[in-house]
Each structure stands twice: as C-alpha cells, then as structure tokens.
Amino acid sequence: MKADPLIACSLLLSVHVQAQDFAFFESKIRPVLAKHCYECHSVESGKSKGSLMLDTKQALRAGGDTGPAVVPGDAAKSLLLSAIKHTDPDLEMPPKKPQLSKAVIADIETWIKSGAPDPRESAARAAERPPVDVESGRKFWSYQKPEQITGGIDAFIETKLKENGLQPSPEAEPVVLLRRLYFDLIGLPPTPKEVKAFSMEKLEATVDELLKSPRFGERWGRHWLDVARFAESNGRESNLTFPHAWRYRDYVIDAVNADVPFDRFITEQIAGDLLPAKDDAERARLLIATGFLALGAKGLNEMSKAQFVADLADEQLDTVTRAVMASSVACARCHDHKTEPFSMEDYYALAGIFKSTQTFYGTWIDSENSNGSHLIRLPDLPGQLIPNKPLTPERVKQLNEQRAQLDAEEIAQTEYALKAKLEGRDISGEYYKMLSTAIRILWTRGGVDGALETVDEKGRALPLCMRVQDGKTQDSKLYGRGEIAHPTKAVPRGFPCVIEVGGKLPKEQSGRLELAQWLTSREHPLTARVMANRVWRHLFGAGIVRTVDNFGFSGERPSHPELIDHLAIKFMDSGWSVKALIREIVMSKTYRQASTHRADVFNQDPDNRLLWRANKRRLDAEVIRDSMLAVAGVLDTSRRPGSLVSELDGQSVSLIGFNTKLPPDLDGSKRRSIYLPVLRDNLPDVLEQFDVANPNLVTGDRDVTNVPLQALYLMNGPFVQEQATALAQRVIKEKPTQPERIRRAFALCFNRAPDAKEQQLAESFFHTAAGDETKLTTAYCHALLSSAEFRFTD
Amino acid sequence: MNTIHSRREMLTTMSSGIGWLAFSSLAQQAVVKGGLAAKEPHFAPRAKRVIFLTMRGGPSHVDLFDYKPELIARNGKTASLGRDSSGAKLFGPVHPFAQFGKSGQWMTTLYPKLAKHADDLCIINSMHTDLPNHAQAFGQMHTGSFQFVRPSIGAWTLYGLGTENENLPGFITLNPPADNGGAQNYGSAFLPAICQGTKLGGSQLPELYSALLKKDVAPGPPMKNIVSASPRELQRAQIDLIRGLNERKLERDGFNPEIEGAIQSFELAFRMQSEVPDVLDLRSEPEHILKLYGIGQGKDQFARQCLLARRMAEAGVRFIEIASPGNWDHHNRLRELLATNCAATDQPIAALLTDLKARGMLKDTLVVWAGEFGRTPYAQSEDGRDHNHKGYSIWMAGGGVKGGLTYGATDETGYKATLNPMHIHDWHATMLHLLGLDHTKLTYNYGGRNFRLTNVSGEVAKGIIA
C-alpha cells in the first residue's frame, strides 16, 4: 500500500506562519496573481513565459530568466513589484494591458515587505511544474550534491519522530528479527536449528554470516536484475530467445556476492569492454557485464535499419539513466522534457554515445526478425560452462553445404537478372518468383548462419555472450520530434547539462567509459543517492524517496532528506560497498523495530513515512517459492548450469507453449527462483502471480497485489502441491506422531510453535477431513504453505 | 462436512471464530463483513455494471467524434495554441466525418459499424484532464489522481455496490497495459484488497494459442490453476484451516488489511472454481454470435475480450475493463494508424452493443469508451498530433445515459473544452451517480481522513442522464 505525500507533508512541515498572514495573501494577493498572471505563468496554463511560474511559493521565489520574482522582505529586489509598477520599460506586466490599480500594487508591496507569506507550498504543486530550465533545475534537491550533516540513521529518524510527538517502536522479538533478516538478506527462512542458536548478542555475527552467504548474491542480484530489466528473450512483437543471457545473470550474482564496488559494477556494465583485463577470465567477465546494454526488448521486425538503430540506442539510454540516475532523460527524445530539466540536446548528446556503440544480441534473421545480430565468442577458459548444444560434424558439414547452396542460388539469381538487363530482356513477369526466392534464401540462411555461429568447425559448442563494443564514433543528429525523417543539427556527444559534473569525450571511442565515469563521479548528485534509496526500499518496503525510479520533479520528495544524503555519502566513503550499506542499515535500531500496530500512531501516519515501526511486508515472488522448497527440505542450492532457455531448440518463444517437454508453469526445478527462465511475456506462473518485475521495464519498486488468482495458484498449482507433498514426507519421516508432526511443520514454516488455538485448529482438521494420514498431512502442509503468515514478514 | 456452503452458513461458521470479532470491528465494516455481497446503492441506480473500453494512448477526438468545420476550413493555417503559441499549424481531420442515426450525430466514417449505434451513444466532447502525460493522465482516468496511489474507479464501484455474483471477482481487467502505472490502475490502494481488479490475460486465456493456430482450440481449462487439486470436501476443510490460521494471524496483528484481503481471496478463489471455467469458455457461444463479434476472423483477441466482457456482465461481474488492442498515441502516421485502430475495434464494440441490447442488458450496463486524453487540433510532424488534455472526447452508452446526444463542446478548433466542460472528477461523479452512488458519500476513512474518488470536487452532469 502506498500513500499520500500531502498527508506526510502536512505532518512534516512545521507551521510557523500565522494564519492571519495567509489570510491577507488569500484575500488580496492570490486573486490578483490568478487573475492577471497565471495565464502565462502557471502549471494550469501550461505556460512559463520567461521561465517564470507564479503559482507556487517555490516557483515565485526562484523566479524566472531575469531573477527572483519575490524576495521576501525586500521590495526593491522583487521583480514582480517593479514589473507591475512599470519601473523598467523592458519589464512591464501584465503585458499589453492597463497597469494594475494603485491599491493592488500597494497590497503586493505590503505583502512582500511583510515577508511574503505564501501557503501555496505542497509537494503536489511543486510536482506539477512544467518544463524546467537548467538553472532552476539545478536548484532542485536531487540535482544538487548530497550534503554532509552530522548524524546517523537512528538520529535522523528519531528527530523527525520527536518533532511529530511520536516514539519509535521497541525492538522486535529476536525470532521475528531473525526471520526478517533472513528474508531480507538471503531470501530464505531460517531453519529451526538456526532459530535455536540465535540470540541478540549474536546479531552482528549473524548479519555478517548472511552477507557472506552465497545465497546473498542470489537475493540481491535479483534486485539488480529487476532494475536491469533482465530477460532471456526479446519480447514485443518478435519474442525470440536470448540463449546466452544467463551469463549476465551469473555475472550479477557473482559481482553482488563479491561486493564489487558499486561504481565499478556500473562501469563494468556500461563499458566493461573498454576496461583493461589482467587475464582471459577477467576479460570474459567484463565482456559479459556489458550484456546489460544488449538485453533490452527490441523492435526486431522493424524494416528500417535507421529506425532500429535509433530505437536500440534509445532503449539503452533509457535503461541506463533510469537504472543509475532514476531519471527519465529519454522522454526528451521527441521534445524537451515536459517536467524535468532535460532538453533534446541533452538527449541526443547521450544518444551519440550509444549510437557509437555496436550491440550484439544474437538473434538471427527469420520471418519474425529483420534485424539479425551476431554473438561474440568468449575467450576459452578451463572448466568453462557451455550449455548450448554441440552439433555433429556431419550436421556442420550439411549446414555448410546448405549455406554454399544458398549462396550459389543467390549468385545465380543475381547473374540471371544482370544478364537479362544487359540483354534488354523484360523479366518483370518473374518478379514475384524471384522475390520469394530471395526471401527464402534470406530467412533460411539466417537460421543456418545462426546455428553455425554457435559451434566451431568440428561442431563443438562455443562459449558465447551478448555484449556491446565500440563502433564508428559519431555524434547523433538531433531529430525533429524524434523522427528519423527529420534530422537537424548534429549534437556533440556529452552529458545532460543540469548535472554539473565535467567529462570530456574522446574522439576515438564511443564515450561509454566516460559516461560510466561521469555517472560514478563523487560529484554526481544522483548515483549514490539512487542506489542507497534502492537498498533502503528493499529493507523497509518503501524508499526514502518512494518513487525509487524517479528522482525528478514529478517524483516524490524524500521523507528524510538528510538521511538519504547521509547514506549516499557514507556509501561513497565506504568505497561504494553495498554490503557495508546494508550492514549499517540492518544494524540500526530503526530497522530492528517491531512491526506491531499502534492504533493512535497509525492514525497520525498511516503510511509509516516516519518509520515509527517496521513495515509488515508481503514476500517477493522468488522468496515465497524458494521458502517452500526450503521448508520442504528439497531446495537445491547449487547454481543452475546455464538456463532452460539455453537448451531450447529454435528461437521463437511463441512455440514454447507447444513444447510438451516443458512444464506448463515453466517450473520443474528445485533450484532457486533466480534461475527460472525469464522469457518476456511468458514468465513462470509463480513469478507472474506474485508480482515479479515486468522485464520490459526498469523496476525498483514491484507492485504488491492481493488477488484470488494467487489463492488459486496456491490451492491448485502443481508446484505448491509438490512442495506440500515433500514437506509432508519430511515431517512424517522426522516425527512419529501426529501432534509432533503438526508442531514440526509449524516450526519449519513459521519458526515458532502453534499456540493453543492453532494446535486445536490443526487437530480438528485431522479429525474432520477425510483421508489417510499421509493424505491429510499433505493437505495440512499445503494449508501452511498457503497461509498468509507463510508469505508475509513482520 | 457439507460441501456447498451458502453465504449465510459461511458467515455463521466464520463468526464463530474468535478472530472474527476483532477483524470486523477494525476493518471497514460493510465490505469485510459481507465479503462482496451486493449492497444497496444510495439511490435507485440506472446502471448495474460497467464495461470500460480503455483506448490507451489518447485517441484523436478531432478525427473521431468532435466535428469542427472551422478546423477543416482553417486547415494549414497557423494559430496561437498550446506550447507553440508562436504558430501551431491547424490540421483538419484526416478522414471524413458524417452524420449518423436519427439523431444525426457527427462521427468519423472510420467507425461504420459503431455508427449504426449512433442513437445509443452519448458523445461527450468537453472532457478535460489535468496533465498531458500518458502515465499521469492514465492514472487519473482510473483513480482520479495523477499523482497519488489511489483506488481505481472499479475498486470504488465494487466497494460501493458489492458484486452480483460472489463466485467471480467483482472487478476484472483483461490484458491491462503493464506500463502507465500498471497494477495501480486496477488497484484498491487503501480500500479492502478484495476490491482490487483481477487481471486476466497474457498466457492464461486461450486467445494466444488460438490466434497462433488461427482456430479455437482452447486446450484444457481456459485458465490456469482453476481445476481443484483435491476433492472438493477436502479442499473445503483445508481452506477452513487456512482461514482459521489467517484469522489467528490477523488477531495477533491487531490490524492488517493485507491479511483480511488474503482471507477473502481464498474464499473467492474456492468459489471461482465452480464458475469461472464456464464463463471463460467461448465454445458454448453459437456461431452467429462468434460471427457478430468477428471471432475466428484474423486477429480476434479484442473481439474475444468483448464477448468475454458480455459473458462476465451476464454472470454478474460489476466492473469489467478491456484495453484496446492498439495504442492511440498517434504522433505520426495518424492517417494510417487511426484507420487501423478503428478497424480493429469497430466490429467488436458494435457487436457488444448489439448483443447487450438484444439481451435487454444495455439499459442497465454502462458501456464506456475512453482514452486518457485527446490530441491537438494542430499538427505534429506532417501526419500526427500531440497530446491534448484541455479538450477531448469520450462516449458512453446504455446504463441510463441519453443516447443520440452530443454533450458539451470544445472551442472552434477543438483545443479546449468550453461548453459544459467535464473534468475527470465530473465524469467519475456522473458514472457513480448512474450506478446509484453519491460520489460525496462514497468515502473511505484512511488515516483519519475521508477519501473519495472525486477528491474534493466533481459535479454530476445531469444533462446526460436519460
């Protein structure tokens, strides 16, 4: 559930202005502004002549091109006053209309001198601002560098609570806290044994252990894959598989486990190919990292090459800026951004960097795909995993022959046409026949080449990856209204002006490396804040800025501005260590609070923006599924070699529904959910039902829905039934009697014993329902897995 | 144990649990107590249900429903409009308009089949909304707010009226777009979770398979996980156990709407098993109905959805939303793409109206056709239009609205609503009014404040009510 910044705002703002000051504004000033000025200077009119807006306090004081419209207390410096007084012939307002009455002018002067009290201050109004120029953009909180303020997490939270007359909640029960930590850090519940061994004194050691666990990367790597819109197929109209995308998935998991500094992590994904590598293994790793840019959804059936290239660069630009900066720069493709300080120049300056880059995504030309692409061979490494299938030498020979045959056919047809032309013979009657031959050759050869590209001359499968590399360095034209048919001036490659971080682009390279350096500069106001906020969101259920993927004017303001700056600076100071950041947060008293409902406080802050308690949260789809496997005792923690997708024949996802070898819910595995296939528009049931991130979008904040389709999945889905059976077998094996089994299953699922009422509910289930012991135990276990407690954390 | 529970029996069973008391006193009484049992509206309703045809992207009103002779006359001339106040080039409709029906309603000629229903349509030409951005406007169209997470109009409707069929979700959305706010557009926000729209679509319906094979195969049940995994009696006992555990959890938590939602979801899911397969299975429809909608003819997903909507309406679903197959965001290639979109929606929508009418259901089913905003009367590129939120068109039919009426008007070029302007809040207020709900009284107390769909404004447009 999400909430209303207005409420939060009214809570947070301390009100020191007297009501009667506002009364003067309301009766004398606002009507004048509305009547004479809003027409050209307001959100409602959509106009901001001279970049000036007069409909919010902030805008009024920020002013326009010529300076602040109002300087509280200083009538001489307030341009609004000189404009209506007509003291400057170049600035007479309202334009082309009679001067305002003396009384009105006097009122405005009085108001300014009295400090210009202005109640028009709310997140809502500020968020509605229309196009913002660079200068006023730079005054916006998120485009300014984080400020160092003394304090820590708990101090910032408690100060604000105190300001509102609230007390934080006491520390959660140890077992509640332990469960929360396990779910948050590794995405699995603790075992009854781990619960028994835990005490508050061991908190720090436990946190460190969890951070060191290989399971940590599988949990937090998934968070990044959401942001990276990771998928193993293209989606959209031509949903073709990406059989080698899993290498990027593994790269992310390993990088998160190794706590690769976040600035380096970003740099590797944007420009790994341009970084030095000490050996082949590192070279391979860095190439795979750039798969980040190659994994997007593309318009593969686009017939215009130029359009395809422009759209591909756009997708990359959009993903990078949203993921790293939580910015929507890409909106400035067709027009200057309507709500943010990004111009079309900013957009095309960035676009040039991506246009100077070649992307290798590896789908071959066929009837669905007009834009084929190669794959890149990785260096050979000892023990390297190559899950794609080899071909027999005979098959390779056959394919080579087929290719030669197709080439020969093509040459023959071309020669035939040339000859006819030379001889002046009319062959237009054969046009359609020749065209269909040409198309057949093109499509068939696409598949032949695609197959040959995955093996060497002897048919041995090759290690391949999706990646980018520099192409011809070029500046992008600025396309009028974003249309490739309307190229105008070329825009030199560069970075959005609003962010005051320098950076020079080399002539001989795309500029991706410089882009990465620009993004990860300590001077960059967004990167560290955005990541710190993403981490916060995963540990509390809501970000300090709740619009985690939008730090712009149209996003929400931070609930605790000092806190987000504190976290960002600490994050950078720690060498961009995500683990250190997580550690600091989970060790805080704020994180360790109980989630208990407090009716009085709830009414004051229903959305818990002030963090007077921990949030009760629905677990993520992957955690629900993995926990089922874990409590049933069947979880296979080994990494899946490759992916189901790398083993499929053909490249079209639309045919997967007809592959009877695949389970209909795409889930036949006992491994962790991060290894399930991620096919765009065809996700495994369990992920789809429980709000997994849509892999077409950068997602830092998943939806949480609560609908009967989930209940149907839990009741009837084959996966849940299997885990219920396994759990039942486990408790039957482990405990001889029914009451013990009841308790054992409870301990496994919920890390606690049933209370008297629950014990009685369970017993009465065994007494009333019909079936043998095994069947009933299974049904009982099934009920536990389906209960709300199983998929919520306190 | 009895296998089939009446609602009364179930309530008795449920209220015997100790958790029940705590939970009914804390939750917002009516919805939770009665699940989604039908409730009395505030006054006699004209419409019992809504079928909302969402035309995402912002269809061009000046090309479809808002006939502007002045715009045609001044085609190519510059005007001082919008952002390009220096010189926007006016751009007349790209396809001809004509008058249709006894009422002589002006409509595009791209909607020949829909035009036959001109006398059923109430065309509103004076819509306006707050922002010309897709995500915000799409959200505002659904929730009244472009900025905050608020309940969808479908959720409010369900909250206000309950459902006529407790074996089906009361609010169903078919293939909603994942962007523009995604699930928030059919979410319940702070309303009880049971009011949330249930999304059907993607690979769950047979459409995808059949479209691929170009025939109706519908292998197996038409929806995943709908077939009960255990004998009904055992499953009932199991669900009673789950409910018991959940109520206990709720009791311990003191207040937790998510758990309440989970409890109701299970009850509803259990009941859905008996009814959903029939509702979703189009194979029982006679040939002439399939033909009417255009099912089995080329790309027919939208046609199937329209027919599904009728079947759901018939089965008692309160609010059904269908997303248009194409996007109407025509910044360029307007001429061609407008025709494509109209062709894709014309027959199915006309068939839906015909079918509802033939069954006597149109009179109490409110059919709505709307996008998040309209488009500028001036050109963008050679053959396109930009977003315009200051004036645009939607239409409604059935459910107590006056057919054959053109309501409200924009200025001479179609840029800004001038006569009887209808803001989103006014429109929502009017829809609720038709459903028998007073928008100022349909409130929900959250965090000490009474929230409503129309925030603090909204006027019922009495002039469109028959």
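Calculation rules
- Residues numbered from 1 in each chain as written.
- Chains lettered and ligands numbered in written order.
- Predicted model: local features only at pLDDT ≥ 70, side-chain atom pairs only at ≥ 80, totals over all residues.
- Buried ≥ 20, exposed ≤ 12 C-beta atoms within 10 Å, placed from the backbone.
- Helix = DSSP H or I, 4+ residues; strand = E, 2+ residues; numbered from the N terminus.
- Pairing = 2+ DSSP bridges.
- Axes fitted to C-alpha atoms, helices over the stretch in contact; angles between N-to-C directions.
- Parallel < 35°, antiparallel > 145°, perpendicular 65-115°, else oblique.
- Left-handed = near helix turned anticlockwise from the far one by under 90°.
- Contact = placed C-beta atoms within 7 Å.
- Nonpolar A, V, L, I, M, F, W, Y, C, P; charged D, E, K, R; others polar.
- Domains from an automatic or database assignment.
- Expected span 1.5 Å × (residues − 1).
- pLDDT = per-residue confidence, 0-100.

Enquirer: Hey, could you run me through the pairing of strand β13 (residues 392–397) of chain B in this one?
Expert: Each regular strand displays side chains that alternate between the two surfaces of the sheet. Residue and element names in this part refer to chain B. Taking burial as the measure, the six residues of β13 include six buried ones, the bulk of the element. Side chains Tyr392, Ile394 and Met396 of β13 all project onto a buried face; the interleaved residues Ser393, Trp395 and Ala397 project onto the opposite face, where all are buried too. One ladder, built from five bridges, connects strand β6 (residues 121–128) with β13; its direction is antiparallel. By the bridge assignment for β13, Ile124 is matched with Ile394. Pairing analysis gives three bridges linking strand β10 (residues 365–370) to β13, with the strands arranged antiparallel. Bridge assignment links Val368 to a residue of β13, and that residue is Met396.

Enquirer: Help me out: how do you make sense of the packing of helix α30 (residues 718–734) of chain A against helix α31 (residues 738–750) of chain A in this one?
Expert: Packed helices, taken two at a time, are described by the angle their axes make and the gap between the axes. All names here are of chain A. Direction vectors running N to C along α30 and α31 enclose 125°, while the axes themselves pass 9 Å from each other. One finds that α30 runs oblique with respect to α31. Note that α30 runs across α31; the crossing there is right-handed. Residues Leu727, Val731, Ile732 and Glu734 of α30 form the contact with α31, whose participating residues are Arg741, Arg744 and Ala745. Among the residues forming the contact of α30 with α31, the class breakdown is four nonpolar, no polar and three charged.

Enquirer: Even after reading the chapter, I still don't get the domain arrangement of chain A, so can you show me in this structure?
Expert: Size of an interface, as often reported, equals the accessible area lost when the parts are brought together. Looking at the assigned domains, one finds that chain A contains domain 1 (18–118), domain 2 (261–379 + 468–519), domain 3 (393–461) and domain 4 (716–793). Each of domain 1 of chain A and domain 2 of chain A has a C-alpha centre, and these two points are 44 Å apart.

Enquirer: Can you walk me through the interface of chain A and chain B in this structure?
Expert: At the interface, 55 residues of chain A touch 59 residues of chain B. Listed by contribution, the elements that provide at least two residues to the side of chain A that touches chain B are α6 (123–127), α29 (708–716), α32 (756–768), α33 (773–786) and α34 (788–791) of chain A. Looking at which element gives the most residues to the side of chain A that touches chain B, the answer is α29 of chain A, with eight residues. Tallied by class, the residues present in the side of chain A that touches chain B amount to 23 nonpolar, 19 polar and 13 charged.

Enquirer: Any chance you could explain the pairing of strand β12 (residues 385–388) of chain B here in plain terms?
Expert: Residues and elements named next belong to chain B. Bridge count between strand β11 (residues 374–379) and β12: three bridges; the pairing is antiparallel. Paired with Arg375 across the two strands is His387, which belongs to β12. From the end of β11 to the start of β12, which pair antiparallel, there are five residues, and Ser381 there has a positive phi angle of about 55°.

Enquirer: I'm lost on the packing of α29 of chain A against helix α11 (residues 257–280) of chain B in this one. Help?
Expert: Contact pair α29 of chain A / α11 of chain B: the axes reach a minimum separation of 8 Å and the direction vectors enclose 70°. One finds that α29 of chain A runs roughly perpendicular with respect to α11 of chain B. Residues Pro708, Gln710, Ala711, Leu712 and Met715 of chain A of α29 of chain A form the contact with α11 of chain B, whose own contacting residues are Ser265, Phe266, Leu268, Ala269 and Met272 of chain B. Per-class residue counts for the contact of α29 of chain A with α11 of chain B are eight nonpolar, two polar and no charged.

Enquirer: Please clarify how helix α13 (residues 301–315) of chain B should be interpreted in this entry.
Expert: One turn of the α-helix equals 3.6 residues, which is why residues spaced by three or four share an orientation. Residue and element names in this part refer to chain B. Taking 1.5 Å of rise per residue, 15 residues should cover 21 Å, and α13 covers 21 Å from first to last C-alpha, within 8% of that figure. Burial runs high along α13: 11 of the 15 residues are buried. Just past α13, the residue Gly316 takes up positive phi, approximately 105°.

Enquirer: Help me understand the confidence of the model for chain A, please; the structure alone is not making it clear to me.
Expert: Should pLDDT be low for a region, the predicted coordinates there are not to be read in detail. Residue and element names in this part refer to chain A. Residue-level pLDDT values for chain A average 90, and 94% of them are 70 or greater. Ignoring residues within four places in sequence, the model shows residues 1–19, a span with pLDDT below 50, making 27 contacts including any to other chains. This model gives residues 122–130 a pLDDT under 50, and the stretch forms 28 contacts once residues within four places in sequence are excluded.

Enquirer: Can you walk me through unusual backbone geometry in this structure?
Expert: Trans peptide bonds make up the majority, and among non-glycine residues the majority have a negative phi. Even without a glycine there, the phi angle at Asp259 of chain A is positive, about 50°. Structurally, the position occupied by Asp259 of chain A is in the loop between α13 (246–257) and α14 (262–271). Residue class for Asp259 of chain A comes out buried when judged on the 20 C-beta atoms lying within 10 Å of it. With a phi angle near 50°, Arg333 of chain B is a residue other than glycine that sits in the positive phi range. Structurally, Arg333 of chain B can be placed in the loop between β9 (319–323) and α14 (334–358). Residue classification places Arg333 of chain B among the partly exposed positions, given that 13 C-beta atoms sit within 10 Å.

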